[in-house]
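# Examination of the molecular architecture
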Amino acid sequence: MSSATIDYIGLSRSSDRSFFLLVLAAIWGGVLAGFVPDSLEHLAGKHVAFAPIVHLHAVVFVGWMVLLTTQFSLIRAGRPDLPKRLGLFGAAMIPIMLVLGPATSFVMSRREFGTPDGDPAFLILPTLSAICFAAVSATGLAYRRDAAIHKRLMLLGAVVLSDAGFARWLGPQLGPLLGRTFGHGFVAFFVPGFIGSILIMAAMLGYDIATRRRPYPLVLGGVGFVLLTQVTITLIYINPAWTPIATHILGH
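Residues numbered from 1 in each chain as written. Predicted model: local features only at pLDDT ≥ 70, side-chain atom pairs only at ≥ 80, totals over all residues. Heavy atoms only, no water.

## Thoughts on the environment of L177
Structurally, the position occupied by L177 is in helix α5 (residues 147-182). Residues L177 and A188, 11 residues apart in the sequence, show an inter-C-alpha distance of 8.2 Å. (Helix = DSSP H or I, 4+ residues; strand = E, 2+ residues; numbered from the N terminus.)

As structure tokens, this is what we get:
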């Protein structure tokens, strides 16, 4: 979201304005449903205490979502001038988030090592997810003069961020069930971890097919890239060879 990032502000269809705000609402729902209970459990002492970087991470990542939501809301209200002034903040936040996400995971993984919360292999998820988010969002910036593609790619980047929330919410519900049915392999990790974002991406593509008879090729490619990233994360996570490597990276 550069100064021109909010050119999706020129949304041509009222249905676009409503649909993409609903997409944002779904992303917010997944994030809040996952992180609010998790944060309360940490505050209650049920998990390893948060490191200071976690609070910085929360401020920056929630700030990104607030900025994106504000921009879409202002466009819907017919105020395209204000979102353009906010765009530079979004552009500056992307590289910060690219570094901050994996750094936060690294710090917490070191704290949690050897405790019931410890899972060194999990380090791969925030690392590749941050790269995926940055790549999709940077592509969205590159296409900021194409309002339709731009707004979809910026939303797709936000969808990537929502995985962590959905996983915290759906993981405890679906993980054990899928584990008993399919074993603790690919399905038991992939479905609880990514089903929320997959459903949102399917809705986005379905909307374009319903309203313009086909998805935008670049957006379809972006969805494919996100799915490839999610499959790669899962395959690495469940590979027994990865855990000792991640443990070494953590300094243990």
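Next comes the rest of the account.
## Observations concerning the packing of helix α6 (residues 186-212) against helix α7 (residues 217-238)
In a pair of packed helices, the angle between the axes and the distance between the axes together describe the arrangement. In contact at an axis separation of 10 Å, α6 and α7 are set at 175 degrees when each is read in the N-to-C sense. As far as their axial angle goes, α7 and α6 are roughly antiparallel. Taken together, the residues of α7 that come into contact with α6 (itself represented by F186, F189, F190, F194, S197, I198, M201 and L205) are V219, L220, V223, V226, L227, Q230, V231, I233, T234, L235, Y237 and I238. Considering only residue class, the contact of α6 with α7 consists of 17 nonpolar, 3 polar and no charged. (Axes fitted to C-alpha atoms, helices over the stretch in contact; angles between N-to-C directions. Parallel < 35°, antiparallel > 145°, perpendicular 65-115°, else oblique. Contact = heavy atoms within 4.5 Å. Nonpolar A, V, L, I, M, F, W, Y, C, P; charged D, E, K, R; others polar.)

## Digging into helix α8 (residues 242-249)
Every α-helix carries 3.6 residues per turn, so stepping three or four residues along brings you back to the same face. Among all positions of α8, only W242, A246 and T247 are buried. Relative to the axis of α8, the buried residues are bounded by an arc of 135 degrees and lie together on one face. Next to the buried residues of α8 lie α4 (124-142) and α7. Just past α8, the residue G251 takes up positive phi, approximately 90 degrees. (Buried < 20%, exposed > 50% of the residue type's maximum accessible area, 1.4 Å probe, protein only. Arc of directions from axis to C-beta.)

## Things to note about unusual backbone geometry
Positive phi values are uncommon outside glycine, yet R213 reaches one of about 75 degrees. One can find R213 in the loop between α6 and α7. The exposed category is assigned to R213, whose relative accessible area is 78%.

## A word on the packing of aromatic side chains
This structure, assessed with the given rule, holds 9 aromatic pairs. Consider the rings of F189 and F194, whose centres lie 6.3 Å apart with planes at 75 degrees: the pair is edge-to-face. Ring centres of F190 and F194 lie 5.5 Å apart, and the angle between their planes is 55 degrees; this geometry places the pair in the tilted category. Here the residue F190 and the residue F194 both occupy positions in helix α6, the gap between them amounting to 4 residues, near one helical turn. Through a chain of ring-to-ring contacts, the aromatic side chains of F186, F189, F190, F194 and Y237 assemble into a single cluster. Against the face of Y216 rests R212, its NZ or CZ located 3.7 Å from the ring centre. (Phe/Tyr/Trp six-rings, centres within 6.5 Å; stacked < 30°, edge-to-face > 60°. Lys NZ or Arg CZ within 6 Å of the ring centre and 35° of its normal.)

## Some details on empty space enclosed by the protein
This structure, assessed with the given rule, holds 1 cavity of 30 Å³ or more. One number sums up the size of the largest cavity: a volume of about 30 Å³. Together, S129, C132, V160, D163, F194, V226, T229, Q230 and I233 line the largest cavity. Per-element accounting of the lining of the largest cavity gives the leading share, 4 residues, to α7. (1 Å grid on protein atoms, 1.4 Å probe; cavity = no way out; pocket = protein on both sides within 12 Å on 5 of 7 lines; lining within 4 Å. Points joined across faces, edges and corners; volume = space filled by probe spheres on them.)

## Overview of the side chain of T229
Relative to the elements of secondary structure, T229 occurs in helix α7. Ignoring sequence-local partners within four residues, the contact set of T229 consists of L128 and C132.

## With respect to the packing of α5 against α6
Two elements in contact, α5 and α6, have axes whose closest approach is 4 Å; the angle formed by their N-to-C orientations is 140 degrees. Accordingly, the angle class assigned to the pair α5 and α6 is oblique. Remark: the crossing between α5 and α6 carries right-handed chirality. A class-by-class count of the residues in the contact of α5 with α6 yields 19 nonpolar, 7 polar and 3 charged. (Left-handed = near helix turned anticlockwise from the far one by under 90°.)

## Looking at the pattern of salt bridges
Counted under the stated rule, the structure contains 2 salt bridges. The partner of D208 in a salt bridge is R152, and the shortest N-O contact between them spans 2.6 Å. Taken together, the residues D208 in helix α6 and R152 in helix α5 connect sequence positions 56 residues apart. Residue R152 is classed as buried on the basis of its relative accessible area, which comes to 3%. (Salt bridge = Lys/Arg side-chain N within 4 Å of Asp/Glu carboxyl O.)

## Here we look at the confidence of the model for the protein
Residues at a pLDDT of 70 or more form 90% of the protein, whose mean pLDDT is 86. The weakest mean pLDDT in the protein belongs to helix α1 (residues 14-43) at 85; the strongest belongs to α7 at 97. Below pLDDT 50 for its whole length, residues 1-12 participates in 48 contacts with residues either more than four positions away or in separate chains. (pLDDT = per-residue confidence, 0-100.)

## Regarding the environment of I245
Considering the arrangement of structural elements, one finds I245 in helix α8. When its relative accessible area of 45% is taken as the criterion, I245 is described as partly exposed. A C-alpha to C-alpha distance of 20 Å links I245 and H184, two positions 61 residues apart in sequence.

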